[in-house]
Amino acid sequence: AVVSTQSTGSNIVVTSKIGQYRCLFAAEVDGKDKMDNIVEIKTHRMMLNDYHKKAFERSKLLNTYLQCYIAGISQTCFGFRDQRGFVKQMKNYSLSEIEKRCVKVWNKDIIMKFLSDVLQWAFNQIETGKVYHLMYSGDNHIELEQVENVKYLPDWFTNYVLKCHKNENL
């Protein structure tokens with residue numbers, strides 16, 4: 001991962017391999033632990049029954065797992081809130097702990113295959129050099145929209161990549 005320390009925000013730019021595709025992602029960083037490792041911070045309601053627990057594993061942990069996996073973040077910290085919105089309990093999860101906890105709910109290999117298939121579909125739709133938003137609406141509908149006049153990468157990163165590419169071609 002290449003971490004941006006030159007911006008005013010807390011952002012990272014990472015490469016991640018999904019199936020046969022090496023992708024470049026920008027991600028916002030929520031925080032760091034005492035060892036300076038990046039940590040994703042989430043909140044969720046207190047789990048008062050089995051239905052809440054199953055929904056947490058099926059949806060919230062899956063979404064968090066994917067977000068962290070793609071961004072190369074290995075730790076999450078959940079704050080569990082009461083009905084008034086006050087955090088009453090904190091729990092840290094590593095990605096491997098999430099996988100083990102959810103093994104009966106979802107399968108990492110199937111999810112990675114799905115992501116690879118989505119990237120294959122998107123790759124067949126795009127034009128080189130263009131910027132796109134890839135969106136999932138939640139109702140099993142995926143959209144790919146070309147975006148004009150948008151700059152996602154900071155100049156320092158673009159210059160770094162161009163310099164590395166130039167040196168490789170010498």
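Residues numbered from 1 in each chain as written. Predicted model: local features only at pLDDT ≥ 70, side-chain atom pairs only at ≥ 80, totals over all residues. Heavy atoms only, no water.

A. Spotlight on the sheet that holds strand β5 (residues 38-45). Here four strands make up an open sheet; going across it, the order is β4-β5-β6-β7 and the pairing mixed. Looking at the sheet topology across the chains shown, the edges are occupied by β4 (31-32) and β7 (87-94). Pairing of strand β6 (residues 75-81) with β7, which is carried by seven bridges, proceeds in the antiparallel orientation. From the neighbouring strand, Thr76 faces β7, where its bridge partner is Tyr93. Along the sheet, helix α1 (residues 50-71) makes contact with β5, β6 and β7, crossing β5 at roughly 155 degrees. (Pairing = 2+ DSSP bridges. Helix = DSSP H or I, 4+ residues; strand = E, 2+ residues; numbered from the N terminus. Contact = heavy atoms within 4.5 Å. Axes fitted to C-alpha atoms, helices over the stretch in contact; angles between N-to-C directions.)

B. Seen up close, the nonpolar core. One finds Ile12, Tyr65, Leu66, Ile98 and Trp106 to be the most contacted residues of the largest nonpolar core, which totals 28 residues. Secondary-structure elements contributing two or more residues to this core are β2 (11-18), β3 (21-28), α1, β6, α2 (95-101) and α3 (108-123). No other element matches the eight residues that α1 contributes to this core. Among all residues touching Trp106, those that are not within four sequence positions of it are Glu57, Arg58, Leu61, Leu62, Tyr65, Ile98 and Ile111. (Core = buried A, V, L, I, M, F, W, Y, C linked by side-chain atoms within 4.5 Å. Buried < 20%, exposed > 50% of the residue type's maximum accessible area, 1.4 Å probe, protein only.)

C. Just the packing of aromatic side chains, in detail. Evaluation of the coordinates by the stated rule reveals eight aromatic pairs. Between Tyr21 and Phe123, the ring centres sit 5.7 Å apart and the planes meet at 50 degrees, which makes this aromatic pair tilted. Residue Tyr21 is located in strand β3, and its partner Phe123 is located in helix α3; the two are separated by 102 residues in the primary sequence. For Tyr21, a relative accessible area of 12% puts it in the buried group. An angle of 50 degrees between the planes, with centres 6.3 Å apart, marks the rings of Phe56 and Tyr93 as tilted. Pair noted here: Phe56 is in helix α1 and Tyr93 is in strand β7, with a separation of 37 residues, a long-range link. For Tyr93, a relative accessible area of 5% corresponds to the buried category. (Phe/Tyr/Trp six-rings, centres within 6.5 Å; stacked < 30°, edge-to-face > 60°.)

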